[in-house]
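Chain by chain, the residues run as shown.
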Amino acid sequence: METFLQQTLNGLVSGSIYALVALGYTMVYGILGLINFAHGDLLMVGALVALQTVTLLNAAVPGLHPVILLLAGVAVAVPVCMAVGYLIERIGYRRLRNAPRLAPLITAIGVSFLLQTLAMIIWGREFHVFPQLVSTTPMEPMAGVVVSPLQIFTIVVAFALMGGLMLLVNKSRLGRAMRATAENHRVAGLMGINANGVIAATFIIGSGLAALAGVLFASNYAIAHYAMGFTPGLKAFTAAVLGGIGNLPGAMVGGLVLGLVESFGAGYIEHLTFGFLNSSYQDIFAFVILGAVLIFRPSGLLGERVADRA
Amino acid sequence: MPTENSVSNQSPILEVRGLKVAYGGIQAVKGIDLTLRKGELVSLIGANGAGKTTTLNTLAGVVPHNGGDILYAGQEIGKLPSHLRLRKGLALVPEGRGIFTRLTVAENLQTGAYTRRDTDGIAADMEKVFALLPRVKERLNQVAGTLSGGEQQMVAIGRALLSRPQVLLLDEPSMGLAPLVVEKIFEVIHSITREGMGVLLVEQNANLALEVSERAYVMEGGRVTLEGTGKALLDDPKVRSAYLGEDIEELAAA
């Protein structure tokens, strides 16, 4: 029972981060039919920019409260990621809007390499320690279950962001324009909606979420690195497919389910394989799920339409 | 209804000169002239593939043109993207209605008012639309994809009206609808023009279109081959044989 509760908690922490990143994938897919494989790397940009900001600020004004450092890191990382996301769309994808499906997809992979290489040039190849700005001092609310304030913080922030995004998409004028554009660019234009502007806004919002996910991810693993976006990016993509790509609630459910499956898998894999595999094999679960969903339910858990585009 | 004279004295709100459109390698529209005045209902009739829908799509900015001028209130708008033409006051209800099927009826209508910020004006126009189209009000919270064809057409027209256009382009509003529903929709179109909007109507159902229109253009192979008042064209033997399905009777009589 303790293992179960502990793994549920761990799963919710990583799952809520996957969900934030998965939302970015699914929003872009919903509106453009494009899988933006560079999206995971925005998580890395967010983490490293936040780290850089915190480091510089801490050197300039020693003794600042960690919460102020964290807020400053976020305040710089989010706009930087939004700008990067906007530029990727403006320079890379917009001119490929009417090209064959494969062209923007390959461009996305190219952009991913570009971001990683630029980050490697700026921040080097080494792993950087990401400071613990939210306390990680373990608490034990019940015997055998350990939780840190950082974990609670991560879950609360991620859920608040998801709720905020749902409100934006379902209740605001911009959200209505996004949904209208996702359904039909041409008719959206006839309603006076500037589809290019709405698409840019979609990239900007998704990139902001990725930046925040990056700060949460780096805080939880205490590490930042130029290639750190690859694995969570791929897992978030899996989560988006699992939930039904293009479907926002699906991305959230997919992210949480994936986090939980991974966490339970890691917790029980030794028993299940009689000690043959240990918890370092936890990444297997994400990709077994991806394969299984694509084979048995390509439209995902909540998706209505079968994804028929590259 | 304004009299013929008061309408023809105004300068046109929409004026098209020598419009040419190439579409998928084919010259679909080969240089046509059209005018539309405020409060006027003008229809564009012709066989399938004559270039009617292409013409409307070009006027709305969905399809680019490769020759000629499109003047709206005396201003050239031919290079503007569709969302900026709507802001000027030119709305298109596209062929097949173009309803956002995953949005509710209310959201579809709000999308029509996307460019407006005058909350009170929007609310007042919503009420007008409800008065004109009571069925739309009954269905407000329903997802638009679940509506019948006629209801969707009404939502499409109501949505276009909420942008407060000066010119409304209607592409085949009767398509696939039952005769009673078509009648209702034409009543609505008629009351719209009475409020001073200019309506350019593309219709497969030439008989109906000519009956309600002040003027009409007949398109054939990308050109305007005939124009005149609706009544004159209804009586024109060429129109009768080509578009009103009377050729067989005439052949039999001869």
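Residues numbered from 1 in each chain as written. Chains lettered and ligands numbered in written order. Predicted model: local features only at pLDDT ≥ 70, side-chain atom pairs only at ≥ 80, totals over all residues. Heavy atoms only, no water.

With an unreviewed UniProt entry as reference, chain B is termed ATP-binding cassette domain-containing protein, source organism Aromatoleum toluolicum. We quote the UniProt Sequence similarities (unreviewed entry) comment for chain B here in full: "Belongs to the ABC transporter superfamily." (UniProt positions renumbered as here; feature names shortened; annotations may be inferred.)

As recorded in an unreviewed UniProt entry, chain A goes by the name Branched-chain amino acid ABC transporter permease, listed as coming from Aromatoleum toluolicum. According to the UniProt record, the Subcellular location (unreviewed entry) comment for chain A is "Cell membrane". Under the UniProt heading Sequence similarities (unreviewed entry), the note attached to chain A is "Belongs to the binding-protein-dependent transport system permease family. LivHM subfamily."

### Some points on the overall build of chain A
Helix and strand counts for chain A stand at 11 helices and 4 strands. On C-alpha atoms alone, chain A measures out to a radius of gyration of 19 Å, which is about the 19 Å that the 2.2 N^0.38 rule sets for 310 residues. In terms of overall dimensions, chain A has a C-alpha envelope of 60 × 55 × 35 Å along the principal axes. Each of the 310 residues in chain A was classed as buried or not, and the buried ones make up 51%. Relative to all contacts within chain A whose residues are 6 or more apart in sequence, the contacts with residues 24 or more apart total 76%. As displayed, chain A offers around 13400 Å² of accessible surface, 71% of which is attributable to carbon and sulfur atoms. Once the 15 positive and 11 negative side-chain charges of chain A are each reduced to a mean point, those two points are 20 Å apart. (Helix = DSSP H or I, 4+ residues; strand = E, 2+ residues; numbered from the N terminus. Rg over C-alpha atoms; globule rule 2.2 N^0.38 Å. Buried < 20%, exposed > 50% of the residue type's maximum accessible area, 1.4 Å probe, protein only. Contact = heavy atoms within 4.5 Å. Areas by Shrake-Rupley, 256 points an atom, 1.4 Å probe, with all protein chains shown as cover. Lys, Arg positive; Asp, Glu negative; His and termini not counted. Charge placed at Lys NZ, Arg CZ, Asp CG, Glu CD.)

### Some remarks on empty space enclosed by the protein
All names here are of chain B. Evaluation of the coordinates by the stated rule reveals 1 cavity of 30 Å³ or more. Size it by volume and the largest cavity reaches roughly 30 Å³. Looking at the largest cavity, the residues that line it are Leu 14, Glu 15, Val 16, Leu 34, Thr 35, Leu 36, Val 42, Leu 200 and Tyr 217. Counting only elements with at least two residues in the lining of the largest cavity, the list comes to strand E1 (14-23) and strand E2 (26-36). Tallied by class, residues from the lining of the largest cavity come to 7 nonpolar, 1 polar and 1 charged. (1 Å grid on protein atoms, 1.4 Å probe; cavity = no way out; pocket = protein on both sides within 12 Å on 5 of 7 lines; lining within 4 Å. Points joined across faces, edges and corners; volume = space filled by probe spheres on them. Nonpolar A, V, L, I, M, F, W, Y, C, P; charged D, E, K, R; others polar.)

### Regarding the UniProt feature "transmembrane region" (unreviewed entry) in chain A
All names here are of chain A. Here, UniProt's "transmembrane region" (unreviewed entry) annotation points to residues 12-35, 42-61, 67-88, 100-123, 143-169, 190-217, 250-269 and 284-303. Annotation note: span residues 250-269, helix share 100%, strand share 0%, distance between end C-alpha atoms 27 Å. Measuring from the first to the last C-alpha atom of residues 284-303 gives 24 Å, for a span that is 65% helix and 0% strand.

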